Amino acid sequence: SLEPQRPTRGAMLSNFKGAGRVAVSSFLRTSSRRAVPVRRMAEDAAAATGPIPTKLTFNFLAPHQAIASKQEVDMVIVPGASGVFGVLPGHVPTISELKPGVVEVTTAPGDVAKYFVSSGFAFVHANSTLDLCTVEAVPLEDLDPAAVSSGKTDAEAELSRATDEVEKAKAQIALDVYTAMAEALAAK
């Protein structure tokens, strides 16, 4: 017959088990040789970075302006997609999507600037630098409560009128942003 012959289930399992034994034994033979150089590289990297800096270098960008460029700050509170988190000098490198919310920048004890951001990304680097790249950012005190309330009402109406998935998604995003603005103003 010209059709390929399928191996039996037992033959496939014995081939798989044999391949697994070869892969595991190969890994065990090489992993012990690799462990020391990897550990040494990690120790060298830790020694090269030196002590944790006392300040965080902060870059805060929106498409229309650089809000902060290489500003030395104590701490930044960021509204990450998986939760709000604080960034201090020496923070572990991280990339996080931003959700609509408030960014709090502490330049000195008691000196806190608050900004509302609609979305974007936060990049925390190993050298104690934070890059915040936002779609839109405004000082919290510049938000007009009446305009936010009106915008939220309009977004709710748009969501209820939306007929296709794209319209619904746009309206839901607008509603999420206006809701976050209203919550930020209420907490102010």
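Residues numbered from 1 in each chain as written. Predicted model: local features only at pLDDT ≥ 70, side-chain atom pairs only at ≥ 80, totals over all residues. Heavy atoms only, no water.

Caption draft 1: Molecular detail of the layout of surface pockets. As a volume, the largest pocket reaches approximately 220 Å³. Taken together, I77, P79, V84, K99, P100, G101, V102, E104, D176, A180, E183 and A184 make up the full set of residues lining the largest pocket. At the level of elements, β3 (75–80), β6 (101–108) and α3 (165–187) are the ones that each hand at least two residues to the lining of the largest pocket. The element contributing the most residues to the lining of the largest pocket is α3, with four residues. Here the residues of the lining of the largest pocket sort into seven nonpolar, one polar and four charged. (1 Å grid on protein atoms, 1.4 Å probe; cavity = no way out; pocket = protein on both sides within 12 Å on 5 of 7 lines; lining within 4 Å. Points joined across faces, edges and corners; volume = space filled by probe spheres on them. Helix = DSSP H or I, 4+ residues; strand = E, 2+ residues; numbered from the N terminus. Nonpolar A, V, L, I, M, F, W, Y, C, P; charged D, E, K, R; others polar.)

Caption draft 2: A look at the packing of helix α2 (residues 145–161) against α3. The contact between α2 and α3 brings their axes to 8 Å, and the two run at 150°. With respect to α3, the element α2 is oriented roughly antiparallel. Where α2 crosses over α3, the handedness of that crossing is left-handed. In this structure, α2 contributes P145, A147, V148, G151, K152, A155, E156, E158 and L159 to the contact, and α3 contributes K168, A171, Q172, A174, L175, Y178, T179, M181, A182 and L185. Broken down by class, the residue content of the contact of α2 with α3 amounts to twelve nonpolar, three polar and four charged. (Axes fitted to C-alpha atoms, helices over the stretch in contact; angles between N-to-C directions. Parallel < 35°, antiparallel > 145°, perpendicular 65-115°, else oblique. Left-handed = near helix turned anticlockwise from the far one by under 90°. Contact = heavy atoms within 4.5 Å.)

Caption draft 3: Region of the structure containing the environment of V76. Checked against the element boundaries, V76 lands in strand β3. Separated by 56 residues in the primary sequence, V76 and L132 have C-alpha atoms spaced 10.0 Å apart. If sequence neighbours within four positions are ignored, V76 has contacts with L56, F58, F85, G86, V87, V103, E104, V105 and L130.

Caption draft 4: Structural view of α3. Taking 1.5 Å as the rise per residue, α3 with 23 residues should run 33 Å; its terminal C-alpha atoms sit 33 Å apart, in good agreement. Where α3 begins, the capping side chain belongs to D164, and its oxygen is found 3.1 Å from the backbone nitrogen of V166. (Expected span 1.5 Å × (residues − 1). Polar contact = N/O pair within 3.5 Å; in protein donor to acceptor, adjacent residues only side chain to side chain.)

Caption draft 5: Region of interest: the side chain of T57. Among the structural elements, T57 can be located in strand β1 (residues 56–62). Residue T57 is classed as buried on the basis of its relative accessible area of 18%. A polar atom in the side chain of T57 sits 3.1 Å from the side chain of E72. (Buried < 20%, exposed > 50% of the residue type's maximum accessible area, 1.4 Å probe, protein only.)

Caption draft 6: Layout of the packing of aromatic side chains. All told, the structure shown has three aromatic pairs when counted by the stated rule. The interplanar angle of 90° and the centroid separation of 5.1 Å between the aromatic rings of F60 and Y115 together place this pair among those described as edge-to-face. In this pair, F60 sits in strand β1 while Y115 sits in strand β7 (residues 111–117), placing the two residues 55 residues apart along the sequence. Relative accessible area serves as the criterion here: at 1%, F60 is assigned to the buried category. Through a chain of ring-to-ring contacts, three or more aromatic side chains come together here, namely F58, F60 and Y115. (Phe/Tyr/Trp six-rings, centres within 6.5 Å; stacked < 30°, edge-to-face > 60°.)

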